[in-house]
Amino acid sequence: MRQFPLEALDTAPGRLVEWRLCSPDAPDGGDGPGAARRASFNQDKHFTAAEQSRDSADPVASWIAVTFELPGPLDHAALEEALLSFVRRHEVLRCAFRRLAGDLSCASYPPEGLTLQAAELGEFTTTQGVRDFLAERFRATIDTLAWPLFAMGAVVRESSTTVYLAFDHIVCDGVSMPNVVHDIAHAYSAALCGREPELPPTGSYLDFADTQRRRFLTLTAEDARLDHWRSYTERAGAFFPPFPLDLGVEPGRMYPIVNEACTLLDAGGAAAFDQECRDAGGKPFMGVMAALARSLREAGGPEIYRALMPVSERGDGPWRHAVGWFVNTMPIEFPVRPGAQLPDLLAEVKAAFAEMIRHVDVPFVRAWELLAPEHFAATSWPYPVNFFSYIDMRRSPGAAHHDVWRPTTHVWSSRANGACLWFQRDDEGLHMNVIHVDTPQARRTMTGLEEGLRRTVREIAGAGAVRGPAVATLATLGTLRQQAGTAPVGAGR
């Protein structure tokens, strides 16, 4: 399972069908939604940013989409049953958000009243036509301020069907996507056989959010639990770690995005890379972060690597199979000394990660509000932020069936002011998806960084060492995206 731009999706054309979620109840009264509860810190900030930017020149919006294959002729009734079962299973997908006395609340519609309304969208004869239509439709129909907060549909052919779902970020994270595929594909298979799907139990994100808010709502700026953020900010000189290379951006300005993807290592190279990292005393994701830090340093960056790193809050309990925004974002920093070999770099990453995890309970949005109130009113991160994410998709639910379902994920954001890097490890190798600002300087900078990183991870895979300057001389991310289209690319951390 890989993550890459929707515009690079390699899917056969066909007949498009969509299903819209409907409820007989109004979202603001009667027997409609269940009792209102406070939204999570992540959801509150996301919704507020959408509200504040709605009438501006730079409206804030983002969605996360997933596609997967169902082999054989489509059973429409079975797919409708599977989709409805999926929505009923995850309470956050049945929520409507609204302001109550100034607070953002979410209320869920009762599952038994929900229905699906099918709509035929027409026959598409080219892959490009399908891509263009879906990209535009997701941007036009998925709205943080409107219900429902996701789209569901399928590209239907005689012998196979591509199912697609796209969600506003307010109801999910990247790690939710494997759960989406797992639940719907298993429910569809069960419906074909006339039985109930056998799915693992799952908790509700609304319960998780409520518990988190109760625990941290009374947090103050002087609380010792913010010491990690506070000391980091003092050393960095800012709450947000800026991207360490020149992107050609103006302070406070948001830019259109470039969304590209590539494969850094094939299956054999990735296996060798993983083993070298373990032999040197670290984990593969630590090796990727060390390689990136070294590549940034050799491209002119500082000798201290600083980034924001998303960390899943699911654990192995009831949230493991849930859909929701179970992600905290934490600062991580470590030195990148000239000439440092892999074991030394990994030791620095390992120590920095351990220190970060010690403080991971404090919600990022709450720390932001308390320690950087002058920036909290901004509709987005106020600096060219450096963002690192990694996930091993081989450990995700349903991974054993990914060769049949061929799932892919796609992330889109309306604007940016920095660079976000997502790394995915699957059976076919190590992959990278990058969203960065669309400026001439950023394109040059990110092209150079991609090739420098490619050279570094290949050196680690081949020799267990990180050495020598990384020179950008080969293909750009744009060229590599075309390669990703023939072997679809995966998601988050």
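In this text the structure is predicted, and so the values were computed from the model without any measurement.

A. Local environment of the pairing of strand 2 (residues 15–22). Across eight bridges, strand 2 lies against strand 7 (residues 115–123) in antiparallel orientation. By the bridge assignment for strand 7, R20 is matched with Q117.

B. Quick peek at helix 5 (residues 205–216). Given a rise of 1.5 Å per residue, twelve residues ought to cover 16 Å, and the 16 Å separating the end C-alpha atoms of helix 5 matches this to within 8%. Buried residues along helix 5 sit in contact with strand 3 (37–38), helix 1 (41–53), strand 5 (95–100), strand 6 (103–108) and helix 10 (364–371). At the N-terminal boundary of helix 5, the capping side chain belongs to S204, with an oxygen 3.1 Å from the backbone nitrogen of L206.

C. Region of interest: the environment of S108. Counting through the fold element by element, S108 comes out in strand 6. Separated by 2.9 Å, the side chains of S108 and E91 make a polar contact.

D. Representation of the sheet that holds strand 14 (residues 408–413) in the model. Taken in spatial order, the seven strands line up as 1-14-4-9-8-2-7 in an open sheet, and their pairing is mixed. Looking at which strands have only one partner, the edges of the open sheet turn out to be strand 1 (2–3) and strand 7. Here strand 8 (residues 150–156) pairs with strand 9 (residues 160–168) via seven bridges, running antiparallel. Bridging across to strand 9, F150 finds its partner in F167. Across the sheet, helix 3 (residues 127–141) is in contact with strand 2, strand 4 (62–71), strand 7, strand 8, strand 9 and strand 14; its angle to strand 2 comes to roughly 15°. Relative to the sheet, helix 4 (residues 176–192) contacts strand 4, strand 9 and strand 14, its axis offset from that of strand 4 by approximately 35°.

E. Spatial organisation of the packing of aromatic side chains. Under the criterion given, the structure shown has 26 aromatic pairs. A centroid spacing of 6.2 Å and a plane angle of 85° characterise the contact between F240 and F364, whose relative ring orientation is edge-to-face. Of this pair, F240 sits in the loop between helix 6 (227–236) and strand 10 (257–266) while F364 is found in helix 10, placing the two residues 124 residues apart along the sequence. By relative accessible area, which is 1% here, F240 ends up buried. On the accessibility criterion, F364 (6% relative accessible area) is buried. Centre to centre, the rings of F285 and Y390 are 6.2 Å apart; their planes meet at 45°, and the pair counts as tilted.

F. Inspection of the nonpolar core at higher detail. Counting residues in each nonpolar core, the largest one holds 157 residues, and the members touching the most others are L79, F97, F138, L165, F167, Y305 and F423. Setting aside anything within four residues of it in sequence, one finds F97 in contact with A39, Q43, F47, L104, S105, C106, L149, I170 and V171.

G. Spotlight on the packing of helix 2 (residues 76–89) against helix 4. Two elements in contact, helix 2 and helix 4, have axes whose closest approach is 8 Å; the angle formed by their N-to-C orientations is 135°. Between helix 2 and helix 4, the angle is such that the two are oblique. Handedness of the crossing formed by helix 2 with helix 4: right-handed. Between helix 2, through A78, L79, E81, A82, L83, F86 and R89, and helix 4, the contact on the second element is made entirely by V180, D183, I184, A187, Y188, A191 and L192. Residues of the contact of helix 2 with helix 4, tallied by class, amount to eleven nonpolar, no polar and three charged.

H. Main features of the sheet that holds strand 3. Read across the open sheet, the three strands follow the order 3-6-5; overall the sheet is antiparallel. The sheet is open, and its two edges are formed by strand 3 and strand 5, each paired on a single side. Two strands pair when backbone bridges link them, and strand 3 and strand 6 are joined in this way by two bridges, in the antiparallel orientation. Paired with R38 across the two strands is S105, which belongs to strand 6. Along the sheet, helix 1 contacts strand 3, strand 5 and strand 6; its crossing angle with strand 5, the most-contacted strand, is approximately 75°.

Rules behind the numbers
- Every chain's residues receive numbers from 1 upward, in the order its sequence appears when written.
- Given that the model is predicted, a residue must reach a pLDDT of at least 70 before its local features are reported, and side-chain atom pairs must reach 80 or more before they are shown or counted; all residues, however, enter totals for whole chains, interfaces and linings.
- Side-chain measures here rest on the full set of heavy atoms in the structure, leaving out hydrogens and waters.
- Strand pairing is assigned whenever DSSP identifies at least 2 bridges connecting the two strands.
- The way it works is that DSSP assigns letters per residue, a run of H or I at least four long becomes a helix, a run of E at least two long becomes a strand, and they are numbered from the N terminus.
- Every helix has an expected span of 1.5 Å times one less than the residues it contains.
- Residue contacts are counted whenever heavy atoms from the two residues lie within 4.5 Å of one another.
- Any pair of nitrogen or oxygen atoms within 3.5 Å is treated as a polar contact; in protein, a donor-acceptor pairing is required on top of that, and neighbouring residues in sequence qualify only through side-chain atoms on both sides.
- Axes, fitted as lines to C-alpha atoms, cover a helix only where it is in contact. Angles between the N-to-C directions of the axes lie from 0 to 180 degrees.
- Any pair of Phe, Tyr and Trp rings, taking the six-membered ring for Trp, is counted once the centres come within 6.5 Å. Such a pair is stacked with planes under 30 degrees apart, edge-to-face with planes over 60 apart, and tilted for the rest.
- A 1.4 Å probe rolled over the protein chains alone gives each residue an accessible area, and that area as a share of the maximum for its type sets the label: buried under 20%, exposed over 50%, partly exposed in between.
- Residue types Ala, Val, Leu, Ile, Met, Phe, Trp, Tyr and Cys, when buried and joined through side-chain atoms within 4.5 Å, form a set referred to as a nonpolar core.
- If an angle is under 35 degrees, it is roughly parallel; if it is over 145, roughly antiparallel; if it lies from 65 to 115, roughly perpendicular; otherwise it is oblique.
- Crossing chirality is assigned from the near helix's rotation relative to the far helix, an anticlockwise turn below a right angle marking it left-handed and a clockwise turn marking it right-handed.
- Throughout this entry, Asp, Glu, Lys and Arg are counted as charged residues, while Ala, Val, Leu, Ile, Met, Phe, Trp, Tyr, Cys and Pro are counted as nonpolar. The remaining residues, Gly among them, count as polar.

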